[in-house]
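Topology and contacts: notes
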Amino acid sequence: MSKEAVESAQATTHPEVARTPADAGDAGYSKDLKARHVNMIAIGGAIGTGLLLGAGGRLHNAGPALALAYLVCGVFAFFVVRALGELVLYRPSSGSFVSYAREFLGEKGAYVAGWMYFLNWSTTGIADITAIALYTHYWSFFTSIPQWVLALIALAVVLAVNLISVKIFGEMEFWFAIIKVATIVGFMLISIFLLATQHKVGGHTPGLSVITDHGGVFPHGVMPVVLVMQGVIFAYAALELVGVAAGETAEPEKVVPRAVNSIMWRVGLFYVGSVVLLAVLLPGSVYSADQSPFVTVLSKIGVPAAGDVMNLVVLTAAMSSLNSGLYSTGRILRSMAMAGSAPKFTARMNRSQVPYGGILLTCAVCVLGVFLNYRLPSQAFEIVLNVASLGIISTWVIIMLCHMIFVRRARAGVVTRPHFKLKFSPVTEIATIAFLMVCLGMMWNDTEVGRKTLFLIPLIAVMLVAGWFGVRRRVAQNTDRELSELTR
C-alpha cells in the first residue's frame, strides 16, 4: 500500500494513529537474532567466494589494480548499506527494501524490487549449489558421485537448517563467518611474516618489486580493471542482508548502526588488504581463476594440505551464501505475499515462525539448478552468476531511490530522519546509481557472457510487466482492505 494512501486515511479518521505504517508481512516473527548474529551476518555478507575464490582470476586479468577496484566498489557498497541502515532505523522491517519500496515507490516499485531480488538469490542459489558440488569433487572420495547429486544434497541440508528456526540460521551464519574471518586473518598474518622476513614465495622475493618488475599496478592497462568491476560488485552482494535481519532482532536501533559502520573497515582490511598482500607476494600472472589465490600462495611455500583447508573454507562460504539466500527470500516473499504481489502460499509460516512458503519457492528454482548441473555441469556456474548480477544491481538501485525519496519527504516535514544518516544526499545516491549503471553497461564489453546477459533485460522486463497484470487486481484488493481497516 502506498504511503500517500495510508497517510490520507489516517489523517481523515484516526489522527492519533502513528503515521508510519507497519508492514503486514512483519507480523508473527520471533526476535531471536542477537547482536553477534547480525554483526556476523554483516561480515558474512561482506566476505564470500568473491574474495576467497574469485580474486584469483581477477588478479590474473587486472593485476594489482584489483585492490583499487575492490576499494571503489566497497565505497559505493557502503553507501548502499548506510542508506539501507537509515531506512531500517526509521522503520525496521523483515520485508526490508521491498517494504520501503512499497512506501516510497508504490506497489509497482515493491513488486519490481521483490522479484528482482528473488531473481538474484534464486540464481545465486543455483551458483552456490553448483560451487558446493564442484568444491566437494576436489576430494577424491566424492569424485564418483555425480555433480547434480551433490548439489541436491547441499540444497536439502541448508533447507532443513532454514526451516528449523531463525536462531539456528543465525548460529549457522555466525560460525560460517567465524571460519571465513579466521581464515583470512590467518592468511594475512602469514603474508606479513613472509613479507617481513623476505621469505621467497615460488621463487619470488616478496615486496613492491614483485609489482614493479611485472608491469606495475596496471600491467594490462586500465580497461581490464574497469571490466572486473561487475564481478567485484557481485562479490559484495549480500551486504543488504543486514536490513532483512534487522526485522528479527529485538534492538535494531543499537545493532544496525554498529554492524553497518563496521562494514567499511572490514572491506578495507579483508578485501583491499588481502589483495595488496597477494600482489606483493606473487605476480598476477601466477594466479588463476580455477584456484583460490590463498591456496596458490600457501602451496608455493609448501604448507601441507593448504588446498584441502582452503577448499573447505570456500565450501563453507558457498553454504553460507545459500543459507542467506533462502533466509532473505523467504522474508521478502512473505512481505510481497501479504501485499498480494507474490503467491499466497509464500506468506505461510511454520510453528517456529519461519516463512517456509517463500523458502520452498526459492528451493524450487534451485532444483532447476540441479537439473542444470545434470545437463550442463561445466557451464552452470557462469550462466547463473551473470543473471544474478542483474538482480543485485537493480536491488541496490532501488534502495538508493527509496532513500532519496525518504530524504526528500524528511525535508518536507512528512517523516523524521534518524540520527544515523547517509551524508550528502542526494549527491551520494545519484553517484551510486550512476556507478552501478556504468558497471552494468560495461558488461557489453564481455562478448562471451556479459553481452548475452544484457540481452536478457528486455525478456525480464516483459515477464515483470506480464506478472504485474496478473497480480494487480489482488494488490488493489489488499490495498482497499487495509484502507478500510484503517478508516473504521
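My aim in this report is to walk through the structure given alongside it, one point at a time.

Criteria and cut-off values
- Residues numbered from 1 in each chain as written.
- Predicted model: local features only at pLDDT ≥ 70, side-chain atom pairs only at ≥ 80, totals over all residues.
- Heavy atoms only, no water.
- Helix = DSSP H or I, 4+ residues; strand = E, 2+ residues; numbered from the N terminus.
- Buried < 20%, exposed > 50% of the residue type's maximum accessible area, 1.4 Å probe, protein only.
- Contact = heavy atoms within 4.5 Å.
- Axes fitted to C-alpha atoms, helices over the stretch in contact; angles between N-to-C directions.
- Parallel < 35°, antiparallel > 145°, perpendicular 65-115°, else oblique.
- Left-handed = near helix turned anticlockwise from the far one by under 90°.
- Nonpolar A, V, L, I, M, F, W, Y, C, P; charged D, E, K, R; others polar.
- Salt bridge = Lys/Arg side-chain N within 4 Å of Asp/Glu carboxyl O.
- Core = buried A, V, L, I, M, F, W, Y, C linked by side-chain atoms within 4.5 Å.
- Lys, Arg positive; Asp, Glu negative; His and termini not counted.
- Disulfide = S-S within 2.5 Å.

1. A look at the overall build of the protein chain
Each helix and strand counted, the protein chain has 21 helices and zero strands in total. With 488 residues in all, the protein chain has 58% of them scored as buried. Once local pairs closer than 6 in sequence are excluded, the contacts in the protein chain between residues at least 24 apart make up 80%.

2. Quick look at the environment of Val-149
Here Val-149 lies in helix α8 (residues 147–164). Taking C-alpha positions, Val-149 is 9.9 Å from Phe-371, a pair spaced 222 residues apart along the chain.

3. Observations concerning unusual backbone geometry
Cis rather than trans, the peptide bond between Ser-425 and Pro-426 has omega equal to 5°. Within the secondary structure, Pro-426 sits in the loop between α18 (380–411) and α19 (427–442). Despite not being glycine, Ala-305 shows a phi value in the positive range, around 60°. Inspection of the secondary structure puts Ala-305 in the loop between α15 (293–300) and α16 (306–339). On the basis of relative accessibility, which here comes to 43%, the residue Ala-305 falls in the partly exposed class. Although it is not a glycine, Phe-424 sits at a positive phi angle of roughly 60°.

4. Looking at the packing of α15 against α16
It is at 9 Å that the axes of α15 and α16 come closest, and there the two elements cross at 165°. Put simply, α15 runs roughly antiparallel to α16. In this structure, α15 crosses over α16, and the sense of that crossing is right-handed. Residues Phe-294, Val-295, Leu-298 and Ser-299 of α15 lie in contact with α16, whose contacting residues are Ala-306, Gly-307 and Met-310. Considered class by class, the residues forming the contact of α15 with α16 number five nonpolar, two polar and no charged.

5. Considering the pattern of salt bridges
Under the counting rule described, the total for this entry stands at four salt bridges. A salt bridge links Glu-171 to Arg-36; its shortest N-O distance comes to 2.3 Å. Of the two residues, Glu-171 sits in helix α9 (residues 166–197) while Arg-36 sits in helix α2 (residues 35–46), which places them 135 residues apart along the sequence. The class for Arg-36 is partly exposed, based on a relative accessible area of 36%. Of the charged contacts in the structure, one is a salt bridge between Arg-91 and Glu-103, with a shortest N-O distance of 2.7 Å. Of this pair, Arg-91 sits in the loop between α5 (66–90) and α6 (96–104) while Glu-103 is found in helix α6, placing the two residues twelve residues apart along the sequence. With respect to burial, Arg-91 and Glu-103 carry one shared label: buried.

6. Details of the environment of Gly-95
Among the structural elements, Gly-95 can be located in the loop between α5 and α6. Through-space distance from the C-alpha of Gly-95 to that of Thr-329 is 9.3 Å; in sequence the pair is 234 residues apart.

7. Topic: helix α4 (residues 55–62)
For α4, a buried count of six out of eight residues is recorded, marking the element as mostly surrounded by other parts of the structure. Along α4, the positions that sit buried rather than exposed are Ala-55, Gly-56, Gly-57, Arg-58, Leu-59 and Ala-62. On its buried side, α4 packs onto α3 (49–52), α5, α11 (223–227), α12 (229–235), α14 (252–281) and α15. In the stretch just after α4, Gly-63 is the one whose phi turns positive, near 80°.

8. Let's talk about the nonpolar core
Ranked by size, the top nonpolar core spans 155 residues in total, and within it Leu-66, Tyr-70, Trp-115, Ile-233, Tyr-236 and Trp-396 carry the most contacts. At 16 residues, α5 tops the list of elements feeding residues into this core. Contacts of Trp-396, omitting those with residues within four sequence positions, involve Ala-77, Val-80, Ile-233, Tyr-236, Ala-237, Glu-240 and Leu-436.

9. Some thoughts on the packing of α5 against α19
Their axes nearest at 10 Å, the elements α5 and α19 cross at an angle of 130°. By the angle between their directions, the pair α5 and α19 is classed as oblique. Crossing geometry of α5 relative to α19 is assigned as left-handed. In contact with Val-72, Cys-73, Phe-76, Phe-79 and Val-80 of α5, α19 contributes Thr-428, Ala-431, Thr-432 and Phe-435. Among the residues making up the contact of α5 with α19, the classes are represented as seven nonpolar, two polar and no charged.

10. What to know about α15
Where burial is concerned, most of α15 is hidden: six out of the eight residues are buried. Contact partners of the buried residues in α15: α3, α4, α9, α14 and α16. Downstream of α15 by a residue or two, Gly-302 has a phi angle that is positive, lying close to 75°.

11. Considerations on the side chain of Arg-82
Among the secondary structure elements, Arg-82 is positioned in helix α5. Buried and without a salt bridge, Arg-82 has Glu-86 as its closest oppositely charged side chain, separated by 6.4 Å.

12. Section: the state of the cysteines
Here, the word disulfide means a covalent bond between the sulfur atoms of two cysteines. Tallied over the entire structure, the rule returns zero disulfides. Lacking any disulfide linkage, Cys-439 is separated from the closest cysteine sulfur, that of Cys-73, by 5.3 Å. Classification of Cys-439 as buried rests on a relative accessible area of 3%.

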